[in-house]
Amino acid sequence: MQRQMKALVLNFAPLPAAHRQTVKQLCLAMLSGELPIGETRPKVSSIRRHMVELKRFVCWLDANVHGRPLVDLTAYHLAAYGRHLHTVIRSAATREVAEVAVRLFWRYRSVLPDDHLAIDPLDVDGWGHSTRRRLGSENTTPRIPEDVMGALLVWSLRFIDNFANDITASSARWHARRSQPTRSRIHPHEVQARLHEVLRHYVDDGRPLPGHRGGVNVEYLAREVGCGRNTLRLPHHAATIQATARIIGVAPFTDMGTPVTGQLDGDAWLTRIASDPADPHSAASLTRQLQAACYITIAYLSGMRDSEIKHLQRGCTRPHRDSDGAVYRWTITGRAFKGEADPAGTPATWVIGAAVARAIAVLEQLQPIGVDTLFRTLPHATTAAPRDAMNNARTNELLNAFVAWVNAYCRQYGRHDPVPEVAGRPWKLSTGQFRRTLAWHIARRAGGAIAGAIQYRHLSIQMFEGYAGTSESAQGRGLPTGTSRFSRSFDMWTREQRQPPGNLSRSRGRPWIRAASSGSIGSRTRAGRGCAIAGRPSPRRYACSV
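Residues numbered from 1 in each chain as written. Predicted model: local features only at pLDDT ≥ 70, side-chain atom pairs only at ≥ 80, totals over all residues. Heavy atoms only, no water.

**Q** Hey, could you go over the sheet that holds strand β7 (residues 346-352) for me, with residue numbers and the actual values?
**A** Taken together, three strands build an open sheet; the order of strands is β5-β6-β7 and the sheet is antiparallel. The outermost strands of the open sheet, each flanked by one partner alone, are β5 (317-321) and β7. Averaged over all pairs of adjacent strands, the angle between their axes in this sheet comes to 30°, without regard to strand direction. Pairing between β5 and strand β6 (residues 327-336): five bridges, direction antiparallel. Counted as the bridge partner of H320 is R329 from β6. Contacting β5, β6 and β7, helix α13 (residues 354-366) crosses the sheet at an angle of about 60° to β6. (Pairing = 2+ DSSP bridges. Helix = DSSP H or I, 4+ residues; strand = E, 2+ residues; numbered from the N terminus. Axes fitted to C-alpha atoms, helices over the stretch in contact; angles between N-to-C directions. Contact = heavy atoms within 4.5 Å.)

Encoded structure:
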């Protein structure tokens with residue numbers, strides 16, 4: 001199972017008894033049993049998704065046809081269920097998923113000994129008319145509007161380039177405090193002397209004592225002293241703390257104690273970084289925003305899938321240098337899963353720009369020492385325990401929380417560059433939208449379709465064109481006219497190599513990138529090799545500009 005995925009369970013108990021055994025047989029066949037001729041074994045995640053719709057179908061049968069066997073169902077019954085799906089599922093794509101699951105009872109009929117469908121649902125009028133089929137296999141994932149994507153990228157790069165040092169320093173301070181003992185390991189006679197020393201530093205610096213919920217943050221002081229918090233609650237220690245508080249006061253929050261050096265438009269971007277996780281400017285909150293900024297930068301500027309990003313490890317980037325030692329290209333190595341026979345994925349390499357390399361470097365600082373998975377849930381949060389890799393739902397929450405944080409920050413500081421709303425409400429981000437949006441822009445550059453097919457590891461030009469969107473429904477004009485003339489020969493050459501374009505070496509893929517560029521890109525020397533993948537005229541320029 002991929003690292004970012006949750007543990008999956010097939011629970012047959014809620015299924016009606018009349019069809020429970022048949023659903024069990026179907027799932028067993030898909031998981032490890034005999035497959036019908038022509039069927040390939042589906043992924044575990046796909047089987048779990050099918051299970052949701054199989055349950056919906058058999059529960060409908062139990063309520064409407066009183067548990068009638070599948071073999072006795074007629075076109076009338078299947079058409080009635082199709083109408084039912086239109087009333088309970090608004091999304092056409094989700095209805096298609098539900099229809100595909102029901103059709104498994106027909107496709108696997110040869111390995112279902114007890115019961116199966118006797119007719120193919122596709123022969124039923126009104127069955128199988130999804131949005132994707134009407135659009136001719138074109139991708140239906142919405143692309144992020146340009147003004148929204150522009151603001152997202154600007155704020156993400158601000159976090160990576162301007163704010164990251166402050167945030168990683170506060171994160172390191174948090175980990176150092178976390179590793180300190182919560183119980184006293186010093187002699188009781190030493191506590192008073194250590195406490196006086198800590199309090200003297202506050203008095204000498206003119207800083208108020210750290211506060212929490214209207215009082216002194218005794219736990220924070222205890223960590224500075226090196227004793228347990230209950231030790232400082234003893235009457236003689238508590239009296240010393242209160243006496244100091246009357247002199248220098250108590251702050252409304254607890255400062256992490258790390259200086260803020262990052263700037264935004266010539267001023268400090270924050271006045272302090274708090275320790276309370278509930279504070280939007282706390283170390284816990286800011287580390288999450290920084291992680292979201294890194295995800296946005298990597299997902300949009302590399303075109304990697306969410307599963308591929310979630311498997312990135314420390315040391316995954318590599319700079320390529322010319323004879324003068326100047327970096328002219330970066331690559332990133334990870335694992336690809338889509339279309340691969342091995343469920344564990346296969347090693348793959350992508351061309352990236354300098355901004356993505358910087359984002360990876362920040363993630364390596366953000367994760368604790370000894371943690372190699374870069375997109376593991378950070379330990380600063382009190383509500384989410386760290387796991388091997390962040391799942392998709394949690395990532396979507398993180399991305400939309402980033403937009404909310406940026407807009408709240410702009411309101412607080414009177415800035416006029418928030419992430420804009422769309423139709424009066426914030427654009428709802430999801431992980432797949434970044435790859436889709438980048439594809440749309442790449443496909444509209446000269447030679448972009450071929451470059452995109454290589455970068456996206458697609459098996460044909462047409463596959464990338466369908467993913468990027470080529471019609472008016474994709475909110476854009478058609479592809480450049482110079483692209484299609486190379487498609488047929490490129491696809492034939494790809495099949496001859498018996499490997500997906502994403503595995504092409506630089507030397508083997510370069511002629512096609514050069515040809516697709518009609519000379520404007522491929523005519524460049526070393527700095528221009530393979531640069532059509534990034535959709536820019538030169539990877540060296542691209543590296544310096546972002």
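**Q** Can you lay out the pattern of salt bridges for me, pointing to particular residues and giving the numbers?
**A** It is possible for side chains bearing opposite charge to pair when their charged atoms get close. One pass over the full model with this rule turns up 14 salt bridges. In this structure, R107 and E39 form a salt bridge, with 2.8 Å as the shortest nitrogen-oxygen distance. Of this pair, R107 sits in helix α4 (residues 92-107) while E39 is found in the loop between α1 (17-31) and α2 (44-64), placing the two residues 68 residues apart along the sequence. We note a salt bridge from R314 to D372, for which the minimum N-O separation is 4.0 Å. Of the two residues, R314 is situated in the loop between α12 (306-310) and β5 and D372 in the loop between α13 and α14 (392-413); the sequence distance between them amounts to 58 residues. Exposure remark for D372: the relative accessible area of 40% places this residue in the partly exposed category. Each of the salt bridges in this network shares a partner with another, and the network as a whole consists of R158, D265, R415 and D417. (Salt bridge = Lys/Arg side-chain N within 4 Å of Asp/Glu carboxyl O. Buried < 20%, exposed > 50% of the residue type's maximum accessible area, 1.4 Å probe, protein only.)

**Q** Residue-level account of the packing of helix α3 (residues 75-88) against α4, with values.
**A** Close contact between α3 and α4 brings their axes to 10 Å; oriented N to C, the two are set at 155°. Put simply, α3 runs roughly antiparallel to α4. Considering how the two elements wind past one another, α3 and α4 form a crossing that is right-handed. Within the contact between the two elements, α3 uses L78, Y81, L85 and H86 and α4 uses R95, A98, E99 and V102. (Parallel < 35°, antiparallel > 145°, perpendicular 65-115°, else oblique. Left-handed = near helix turned anticlockwise from the far one by under 90°.)

**Q** Run through the nonpolar core, naming residues and quoting values.
**A** With 67 residues, the main nonpolar core has L152, W269, I298, L312, F402 and F434 as its most contacted residues. Mapped by element, the contributors of at least two residues to this core are α6 (146-179), α11 (283-302), β6, β7, α13, α14 and α15 (432-442). Examining the composition of this core, we find that 13 residues originate from one element, α6, more than from any other. If we skip the residues at most four places from it in the chain, F402 touches L152, W155, S156, F159, Q289, A292, A293 and I296. V23, M30, A101 and L117 belong to the second largest nonpolar core, which has 35 residues in total. (Core = buried A, V, L, I, M, F, W, Y, C linked by side-chain atoms within 4.5 Å.)

**Q** So what about the side chain of D120? Which residues, and what values?
**A** Tracing the backbone shows D120 in the loop between α4 and α5 (131-134). Taking the relative accessible area as the measure of exposure, D120 reaches 11% and is therefore buried. Separated by 3.4 Å, the side chains of D120 and W106 make a polar contact. Among residues more than four places away in sequence, those in contact with D120 are R103 and W106. (Polar contact = N/O pair within 3.5 Å; in protein donor to acceptor, adjacent residues only side chain to side chain.)

The values are spatial; any link to function lies outside them.
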